[in-house]
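Chain residues, written in single-letter form:
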Amino acid sequence: MAVAASVRRTPLIAGNWKMNLDHLQAIAFVQKVAWSLKDAGHDFAAVEVAVFPPYTDLRSVQTLVSADKLPLAFGAQDLSAHDSGAYTGEISGAFLAQLECRYVIIGHSERRNLHAETDEQVAQKVTAALKHSLTPVICVGETAEDLEKHGQSAVPVGQLRAALAGVTSAADIVVAYEPVWAIGSGQAATPEQAEQVAAQLRATIADVLGEDVAAKTRILYGGSVKAANIASFMREPNVDGALVGGASLDVTEFASIVRYQKHVGA
Ligand code: PEP
């Protein structure tokens with residue numbers, strides 16, 4: 001279904017640092033990315049840039065972004081479903097909002113696999129994020145086994161439907177389609193595969209939250225994105241950006257991904 005694929009959505013290039021870069025390294029890195037993009041004349045209104053550092057970096061990144069008025073968004077890699085209380089080791093959406101986070105990644109495959117996060121917990125976290133005015137970046141994607149057994153779309157569509165269980169219409173969300181087999185493997189999906197699943201995800205949003213929300217929701221592709229392949233994904237009508245892992249840790253590579261519109265043939 002071609003749900004308003006033609007509506008203009010601001011592309012988003014998001015760097016998921018995972019458990020890399022301490023707060024001092026984060027300051028140097030964010031400065032370098034911002035300067036390198038500014039030097040290149042990047043139009044931040046045309047392609048939004050966001051970074052997702054570890055929790056312990058967020059205060060430093062916030063201070064830097066605010067003091068130097070850097071046109072970068074930032075967010076956390078996870079949050080608690082709870083607001084406060086006896087939840088040792090967890091971080092509330094309220095705390096993230098206090099640090100001016102705009103986004104929060106929810107349901108990354110590493111959380112689902114290594115921390116046994118369920119669809120139900122993902123849904124609770126999405127609700128918590130929205131409650132604190134954070135935009136959830138909801139990650140969905142199939143494993144190699146899922147792909148073989150169920151095809152490409154069934155698992156990501158099911159995960160998205162579950163994640164939206166507590167969401168009312170008009171919500172501001174971002175969806176990241178990240179095939180698990182493509183994450184950190186160097187073997188990205190093809191742009192056609194990404195488009196096919198992104199279109200199904202948009203149709204699912206339309207079904208659950210209505211056409212207007214579907215038309216404005218950004219759907220990112222993630223999984224071995226690099227400067228050499230980003231332009232091919234961004235040509236697809238339902239792909240509105242990328243969630244970048246490994247390549248987001250290299251200033252030159254990340255800046256080049258952000259500047260995909262300048263690539264030859266883009
Ligand atoms: C990720 O972990 O979200 C990711 C997409 O990683 P990579 O770009 O390294 O495949």
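A brief report on the enclosed structure follows. Quantities reported herein were computed from a predicted structural model and do not represent experimental measurements. (Residues numbered from 1 in each chain as written. Predicted model: local features only at pLDDT ≥ 70, side-chain atom pairs only at ≥ 80, totals over all residues. Heavy atoms only, no water.)

**Digging into the pattern of salt bridges**
- Taken as a whole, this structure holds 13 salt bridges when the rule is applied.
- When the shortest N-O distance is used, the salt bridge between Asp-83 and Lys-131 registers 2.4 Å. Within this pair, whereas Asp-83 is found in the loop between strand 3 (73–76) and helix 3 (93–98), its partner Lys-131 is found in helix 5 (residues 119–131), the two being separated by 48 residues in sequence.
- Here Asp-83 falls in the partly exposed class, since its relative accessible area comes to 29%.
- Residue Lys-131 is classed as exposed on the basis of its relative accessible area of 56%.
- If you follow the salt bridges from partner to partner, you end up with Asp-78, Arg-111, Glu-117 and Lys-125 in one network. (Salt bridge = Lys/Arg side-chain N within 4 Å of Asp/Glu carboxyl O. Helix = DSSP H or I, 4+ residues; strand = E, 2+ residues; numbered from the N terminus. Buried < 20%, exposed > 50% of the residue type's maximum accessible area, 1.4 Å probe, protein only.)

**What about the environment of Ala-194?**
- By the element assignment, Ala-194 lies in helix 8 (residues 191–209).
- For the pair formed by Ala-194 and Ala-81, sequence separation is 113 residues and the distance between their alpha carbons is 29 Å.
- In contact with Ala-194, other than residues within four places in its own chain, are Tyr-177, Tyr-221, Phe-233 and Val-239. (Contact = heavy atoms within 4.5 Å.)

Take it as geometry only, folks, not as evidence of what the structure does.
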